[in-house]
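Observations on chain architecture
Spelled out, the chains give:
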Amino acid sequence: MGRPQGPARTRHRIGHRLDTDWAQINFVTFFDKHIFICCNRREPGHVRGCCDPAGAEALQKAFKKALAERGLNRRIRANKAGCLDQCEKGPTVVVYPEAVWYGRVTEADVNEIIEQHIIGGTPVARLLMPEGEAAHKPR
Ligand code: FES
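Residues numbered from 1 in each chain as written. Predicted model: local features only at pLDDT ≥ 70, side-chain atom pairs only at ≥ 80, totals over all residues.

**Observations regarding the overall build of the chain**
The cut-off we apply is this: Secondary structure elements are taken from DSSP: a helix is a run of H or I of four residues or more, a strand is a run of E of two residues or more, and numbering for both begins at the N terminus.
Counting its regular elements, the chain contains three helices and four strands. The N-to-C order of helical and strand elements in the chain reads α-β-α-β-β-β-α.

**Some points on the environment of Pro 123**
Note the cut-off: Buried residues are those with 20 or more other C-beta atoms within 10 Å of their own C-beta, exposed residues have 12 or fewer, and partly exposed residues lie in between; C-beta atoms are placed from the backbone.
Looking at the secondary structure, you find Pro 123 in the segment after α3 (110-119). Judged by the 17 C-beta atoms lying within 10 Å of it, Pro 123 is partly exposed. It is 9.3 Å that separates the C-alpha atoms of Pro 123 and Trp 101, two residues lying 22 residues apart in sequence.

**A closer look at the packing of helix α2 (residues 58-69) against α3**
Put simply, the rule reads: Axis definition: a line fitted to C-alpha atoms, over the contacting stretch in the case of helices. Angles run 0 to 180 degrees between N-to-C directions. For classification, angles of less than 35 degrees are called roughly parallel, those exceeding 145 degrees roughly antiparallel, those between 65 and 115 degrees roughly perpendicular, and all remaining angles oblique. Note on convention: near helix rotated counterclockwise from far helix by under a right angle means a left-handed crossing. Clockwise means right-handed. What counts as a contact is two residues whose backbone-derived C-beta atoms lie within 7 Å of each other. Ten residue types, Ala, Val, Leu, Ile, Met, Phe, Trp, Tyr, Cys and Pro, are classed as nonpolar, four, Asp, Glu, Lys and Arg, as charged, and the remainder, Gly among them, as polar.
Where α2 meets α3, the axes come as close as 9 Å, and the angle between the chain directions of the two elements is 45°. Considering the angle they form, α2 stands oblique to α3. As α2 packs across α3, the resulting crossing turns out to be right-handed. Contacts between α2 and α3 involve Ala 62, Phe 63, Ala 66 and Leu 67 from the first element and Val 110, Asn 111 and Ile 114 from the second. Looking at the contact of α2 with α3 residue by residue, the classes come out as six nonpolar, one polar and no charged.

**Overview of the pairing of strand β3 (residues 93-96)**
Spelled out, the test is: Here, strands pair whenever DSSP counts at least two bridges between them.
With four bridges connecting them, strand β1 (residues 33-38) and β3 associate as antiparallel partners. Along β3, the bridge assignment pairs Phe 36 with Val 94. Direction of pairing for β3 relative to strand β4 (residues 100-102): antiparallel, over a ladder of three bridges. Pairing of Val 95 across the sheet is with Val 100, part of β4.

**Digging into α3**
Our working rule: Here the arc refers to the directions that run from the helix axis out to each C-beta atom.
Here α3 has its buried residues at Val 110, Ile 113, Ile 114 and Ile 118. An end-on view of α3 places all buried positions within 95° of arc, on one side of the element. Gly 121 lies just past α3 and shows a positive phi near 85°.

No statement about biological role is implied by the geometric values presented.
Take a look at the structure:
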């Protein structure tokens, strides 16, 4: 038996740490996926920059619109997020439960992420944050 993948892997890792038998718990699943879009805004010239300098939440709105146009908005949630601590690589987007991190996402990328990843199941390679880059940086 191999390593558990996706949500099962997360439950396995957390369950192991807490010594909890997650198989005995009935989880409620409200959504199939969550797309978290950083809408954090900082003052101009901030050393780390920010994902939404205009403060318009345009990227999150584009994801919501794209999901609604495809009738997916009841199963897939596009949530505004505060800083995801990957500011230098933003605008930052992360998709759960698979924990796929995207960087430098623009509105022009939204349909590709929805079609290829959210519907098709294959993350958009050209937008992925390289492994190990998604790391905490001191403020
Ligand atoms: S401001 Fe978007 S990740 Fe920090």
